[in-house]
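# Working through the structure, step by step
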Amino acid sequence: MTTPMLQALIFDVDGTLADTERAHLDAFNHAFRAVGLDWHWDLERYTELLATCGGKERIRAYWESLPDAPRAIDALAFEHEISRIHEIKTAAYEQAVRDGQVQMRPGVLALMAAAADAGLRLAIATTTSASNVSALLRRALGADWRSRFAAIEDASTAAAKKPDPQAYRQALRRLGLPASACVAFEDSRNGLRAALGAGLATIVTPNEFTRRHDFVGALRVLPSLESVTPERLRGWHAERAMQAA
């Protein structure tokens with residue numbers, strides 16, 4: 001059986017395309033202050049909370065860990081308050097992006113440009129909000145950023161959070177490609193699990209929040225994408241295909 005050649009690259013967003021987590025952390029703490037909560041997440045707490053994917057889910061997990069907090073109000077009011085906090089947090093994060101406080105990770109833009117020149121299609125598979133994705137990539141790639149990607153999956157189209165593979169499976173369907181013809185890029189254990197769950201070879205570039213995660217099963221674990229080229233990707237992809245044959 002002929003093994004498909006590498007045809008597409010599928011990228012996670014937060015922590016993979018850009019160093020976003022400190023800006024997210026600051027935005028969460030801003031939102032807590034704005035609604036009158038005395039919560040404050042430090043780096044250690046936030047690193048732990050990143051095990052839960054999704055902003056609302058993270059707020060909920062933290063709140064439910066506090067003694068009796070969710071039982072202080074009814075379920076509907078509880079969910080409404082989580083949504084209110086998250087809306088304020090999202091606005092604060094997007095303003096930080098517009099202010100230039102979030103930087104793309106080394107090598108990302110160069111790899112995207114080189115991949116497009118080499119005939120590889122690009123896609124996004126994230127479970128962050130569509131507005132967060134747009135704020136980041138509009139600043140990095142310009143107003144027509146969507147035209148760079150053959151498929152975009154985010155929280156508005158893939159409701160199941162990572163490590164569920166839904167976002168990746170839907171991206172593959174939109175691309176019309178088998179997993180064996182693609183490589184995914186992630187930064188966390190949950191992201192890796194999602195990509196592997198969709199059958200994707202995955203390159204991981206850990207960041208300060210995820211460097212202690214378990215990345216068993218990754219195609220490569222690299223400090224950044226600075227040295228990664230389409231040629232190297234094709235070589236790693238072919239090597240994996242031979243090992244799996």
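Look above for the structure.
This write-up is about the structure you can find in this document. (Residues numbered from 1 in each chain as written. Predicted model: local features only at pLDDT ≥ 70, side-chain atom pairs only at ≥ 80, totals over all residues. Heavy atoms only, no water.)

The next thing to look at is the overall build of the chain. When you go through the chain residue by residue, the secondary structure sums to 9 helices and 6 strands. Expected size for 245 residues packed as a compact globule is a radius of gyration near 18 Å; at 18 Å, the chain falls within 12% of this value. By its C-alpha atoms, the chain is 60 × 35 × 30 Å across when sized along the principal axes. Put simply, the chain has 245 residues, and 51% of those count as buried. Of the contacts made within the chain by residues no fewer than 6 positions apart, 64% connect residues no fewer than 24 positions apart. (Helix = DSSP H or I, 4+ residues; strand = E, 2+ residues; numbered from the N terminus. Rg over C-alpha atoms; globule rule 2.2 N^0.38 Å. Buried < 20%, exposed > 50% of the residue type's maximum accessible area, 1.4 Å probe, protein only. Contact = heavy atoms within 4.5 Å.)

As a further point, take the pattern of salt bridges. Counted under the stated rule, the structure contains 8 salt bridges. Here Arg22 makes a salt bridge to Glu208, at a shortest N to O gap of 2.7 Å. With a gap of 186 residues between them, Arg22 in helix H1 (residues 21-34) and Glu208 in the loop between strand S5 (201-204) and strand S6 (220-221) connect regions that are remote in the sequence. Taking relative accessible area as the criterion, Arg22 reaches 41% and is therefore assigned partly exposed. The class of Glu208 is partly exposed, set by a relative accessible area of 40%. Between Glu81 and Arg84 there is a salt bridge; the shortest N-O distance is 2.8 Å. With Glu81 and Arg84 both in helix H4 (residues 75-98), this residue pair falls 3 residues apart, about one helical turn. Salt bridges here are not isolated pairs; linked through shared partners, they connect Asp12, Lys162 and Glu186. (Salt bridge = Lys/Arg side-chain N within 4 Å of Asp/Glu carboxyl O.)

Considering soluble globular proteins, one finds that nonpolar side chains tend to be buried as a cluster. Residues Leu9, Phe11, Leu137, Phe149, Phe185, Ile203 and Leu233 are the most contacted members of the largest nonpolar core, which totals 38 residues. Tallying contributions element by element places helix H6 (residues 130-141) first for this core, with 5 residues. For Phe149, the contacting residues outside a window of four places in its chain are Met112, Leu122, Ala123, Ile124, Leu137 and Leu141. Counting 19 residues, the second largest nonpolar core, distinct from the first, contains Ile10, Ala171, Leu175 and Ala198. (Core = buried A, V, L, I, M, F, W, Y, C linked by side-chain atoms within 4.5 Å.)

Every buried residue belonging to helix H8 (residues 189-197) is among Asn190, Gly191, Leu192, Ala194 and Ala195, and all of these are buried. The opening residue of H8 is Ser188, an N-cap whose side-chain oxygen sits 3.0 Å from the backbone nitrogen of Gly191. (Polar contact = N/O pair within 3.5 Å; in protein donor to acceptor, adjacent residues only side chain to side chain.)

A few words now on the pairing of strand S1 (residues 8-11). Regular strands show a simple pattern: their side chains alternate between the two faces of the sheet. Side chains of S1 alternate between two faces, with Ala8 and Ile10 and Leu9 and Phe11 buried alike. Alignment of S1 against strand S2 (residues 121-125), held across 4 bridges, turns out to be parallel. By the bridge assignment for S2, Ala8 is matched with Arg121. Across 4 bridges, the pairing between S1 and strand S4 (residues 182-186) is parallel. Pairing of Ala8 across the sheet is with Cys182, part of S4. (Pairing = 2+ DSSP bridges.)

Interhelical geometry of H4 versus H6 gives an angle of 5 degrees and a closest axis separation of 9 Å. Here H6 runs roughly parallel to H4, going by the angle between their axes. Contact residues: Lys89, Thr90, Tyr93, Glu94, Val97 and Arg98 in H4; Ser131, Asn132, Ala135, Leu136 and Arg139 in H6. Partitioned by chemical class, the residues of the contact of H4 with H6 number 4 nonpolar, 3 polar and 4 charged. (Axes fitted to C-alpha atoms, helices over the stretch in contact; angles between N-to-C directions. Parallel < 35°, antiparallel > 145°, perpendicular 65-115°, else oblique. Nonpolar A, V, L, I, M, F, W, Y, C, P; charged D, E, K, R; others polar.)

Here we take up the sheet that holds S4. Taken in spatial order, the 6 strands of this open sheet run S3-S2-S1-S4-S5-S6, and their pairing is parallel. What marks the edges here is a single partner per strand, and that holds for strand S3 (151-153) and S6. Sheet strands in contact with H8 are S4 and S5, and its direction is about 165 degrees off that of S5.

Among the 5 residues that make up S2, 4 are buried, leaving the element largely enclosed by the rest of the structure. Sheet analysis places S2 next to S3, joined by 3 bridges and oriented parallel. When the sheet's bridge partners are listed, Ile124 is paired in S3 with Ile152. Each parallel crossover has a hand, and the one from S2 via H6 to S3 is right-handed. (Right-handed = clockwise from strand over helix to strand, strands pointing away.)

Remember that the coordinates give geometry; whether it matters functionally is a separate question.
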